[in-house]
Amino acid sequence: ATGPATFDPASIDPAVRTLLNFRPHPNGDAPSLNIDTGTVPIRVEAPTARSAQIVLLRAVARVPSAPDSLRASIAALASPDPSDAVLPAELVIERRLAAIAALASIRTRSAAQSLFALTDEGDPIRASAYAGLARLTGQDELGLDRDRWERWLGQSSWATEAEWRRVLVEGLAARIDRLASNSDTSVARLVEVLSRRYAATEPPTERSSQLAALLADDLRPLKVLGFSLAMSELANARPLEPVVAESALRCLSDPSASVRAAAADLLRLTAAPEHAAAIMQATLSETDPAAASKLLSCVARLPSPECVQPSLRWLAYGSLTQGPAIDALWALHREGMLISTADRRAAFEGLGRIAADSPGLAPAQIENRRMLLEALAR
């Protein structure tokens, strides 16, 4: 089985069906299982077959909509079987839970009825079956109320296939909205709690550790909180420990351009000489102008010869990056790194195309432009 976006259970039949229909022998495990791959049959030992069966069920569970042709086999795996007596109880529960999750990917009334039939068992089967019904139909507001589920499924049984699909689409869309709203609310509360915790933390070294953890978090709102708190510390003349800059460096490879820009902005104030190589690599690969403008400000503090070409490229890009590119090129020139005739000519021509009173330039950048033009003209 491959990833959830490409896995198609029907495409590897009959191997899939062989695995899904595998059962241990009533008197003990069958010694092996023959799987027909369509080319060369594969002999699989029973313990391996059981493990592969669970892996397959979990792969089906990750599919947004699995084929109904697998329903009967998966429903059988979700149900108790006499052959289960020869297996450890935990293995049976693991298989049944995996099968219940897989059933929830089969968006048919028959699959919903199969899940409903399991709700009269004890937990964890019962809880998993209700969760599967909610995922299959989007009707999570029915909760663990078996009577309400029975009425809802009874009403749906009279619907045409087109009506059933419409009910599914409406229910799933509403559930997505509820989950998104709940997620946003939960994240907002988490941000509030962490902000209060941070404000109450002493000494400063502990604060820096918390900032580094926030920047390393996978949740983007927590990263944003980390950057905001770090910049606030610096604005109030409170130094940060090196661990914060190290964490910000790792954010330079984040998929989000806004996160990369925030990381570069923080490094503009906190980067140490030993961070120059990582900043150079990020500058060479950056494609977003907002993030690049912040990285160029870092280059102005920690210049390296490899940053000449990206500085020239962003100088020609537009007003958003011209000012930081001027600062970077001026720093490179001062450090004797803008030396080739071609680079100096490109810098001179690029600067000449920017008006001396360009509204996009800060006063210091206007002065750097003037001094660099004079130096390059000699």
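It should be emphasised that the depicted structure is a prediction, and the values quoted were computed from it without experimental measurement.

J.: How would you sum up the overall build of the protein chain? Please name residues and give values.
T.: Helix and strand counts for the protein chain come out as 18 helices and two strands. The buried share among the 378 residues of the protein chain stands at 44%. Across the protein chain, the fraction of contacts at a sequence separation of at least 24, relative to all contacts at a separation of at least 6, is 65%. Element-wise, carbon and sulfur atoms account for 56% of the exposed surface of the protein chain, whose accessible area totals about 19,000 Å².

J.: Could you give an account of the packing of helix H11 (residues 242-250) against helix H12 (residues 257-270), with specific residues and numbers?
T.: In the contact formed by H11 and H12, the axes pass within 9 Å of each other and the chain directions differ by 145°. Handedness of the H11/H12 crossing: left-handed. Two secondary-structure elements touch here, H11 through Val 244, Ala 245, Ala 248 and Leu 249 and H12 through Ala 263, Leu 266, Leu 267 and Thr 270. Its residues assigned to classes, the contact of H11 with H12 comprises seven nonpolar, one polar and no charged.

J.: Any chance you could break down the packing of helix H8 (residues 161-199) against helix H9 (residues 204-216) for me, citing the residues and the numbers?
T.: A pair of packed helices is characterised by two quantities: the angle between their axes and the separation of those axes. At their nearest, the axes of H8 and H9 sit 10 Å apart, and the two run at 155° to each other. In terms of orientation, H8 and H9 fall into the roughly antiparallel class. Viewed along their axes, H8 and H9 form a crossing whose handedness is left-handed. For the pair H8 and H9, contact is made by Leu 194, Arg 197, Tyr 198 and Ala 199 and by Arg 207, Gln 210, Leu 211 and Leu 214, respectively. For the contact of H8 with H9, the residue count by class is five nonpolar, one polar and two charged.

J.: Break down the confidence of the model for the protein chain for me, with residues and values.
T.: In the predicted model, the protein chain carries a mean pLDDT of 85, and 87% of its residues have values of at least 70. Low confidence marks residues 1-7, where pLDDT is under 50. Its contacts with residues over four positions away, or in another chain, come to 12 contacts. Every residue in residues 34-42 scores below 50 in pLDDT, and together they form 14 contacts with partners more than four places removed in sequence or on other chains.

J.: Let's hear about unusual backbone geometry: which residues, and what values?
T.: The omega torsion across Asp 123 and Pro 124 is 10°, close enough to zero to call that bond cis. Mapped onto the elements of the fold, Pro 124 is located in the loop between helix H5 (109-117) and helix H6 (125-137). Positive phi is not limited to glycine here, since Ala 237 has a value of about 60°. Within the fold, Ala 237 resides in the loop between helix H10 (220-235) and H11.

J.: Please give an account of the environment of Arg 250 that cites residues and values.
T.: Tracing the sequence through the fold places Arg 250 in helix H11. Between the C-alpha atom of Arg 250 and that of Ala 278, which follows or precedes it by 28 residues, the distance is 9.1 Å.

J.: Could you give an account of helix H4 (residues 89-103), naming the residues involved and the relevant values?
T.: With 15 residues, H4 should reach 21 Å at 1.5 Å per residue; the first-to-last C-alpha distance of 21 Å fits that figure. Val 92, Arg 95, Arg 96, Ala 98, Ala 99, Ile 100, Ala 102 and Leu 103 are the residues of H4 that are buried.

J.: Can you explain the nonpolar core? Please cite residues and give values.
T.: General note: in soluble globular proteins, nonpolar side chains tend to be found buried as a group. Residues Leu 252, Leu 266, Leu 267 and Ile 279 are the most contacted members of the largest nonpolar core, which totals 52 residues. With six residues, the single largest contributor to this core is helix H16 (residues 319-334). With residues up to four places along the chain from it excluded, the contact list for Ile 279 reads Leu 249, Ala 271, Leu 295, Cys 298, Val 299 and Leu 302. Ala 66, Leu 70, Ala 99 and Ala 111 belong to the second-largest nonpolar core, a separate cluster that totals 34 residues.

Rules of the game
- Residues numbered from 1 in each chain as written.
- Predicted model: local features only at pLDDT ≥ 70, side-chain atom pairs only at ≥ 80, totals over all residues.
- Heavy atoms only, no water.
- Helix = DSSP H or I, 4+ residues; strand = E, 2+ residues; numbered from the N terminus.
- Buried < 20%, exposed > 50% of the residue type's maximum accessible area, 1.4 Å probe, protein only.
- Contact = heavy atoms within 4.5 Å.
- Areas by Shrake-Rupley, 256 points an atom, 1.4 Å probe, with all protein chains shown as cover.
- Axes fitted to C-alpha atoms, helices over the stretch in contact; angles between N-to-C directions.
- Left-handed = near helix turned anticlockwise from the far one by under 90°.
- Nonpolar A, V, L, I, M, F, W, Y, C, P; charged D, E, K, R; others polar.
- Parallel < 35°, antiparallel > 145°, perpendicular 65-115°, else oblique.
- pLDDT = per-residue confidence, 0-100.
- Expected span 1.5 Å × (residues − 1).
- Core = buried A, V, L, I, M, F, W, Y, C linked by side-chain atoms within 4.5 Å.

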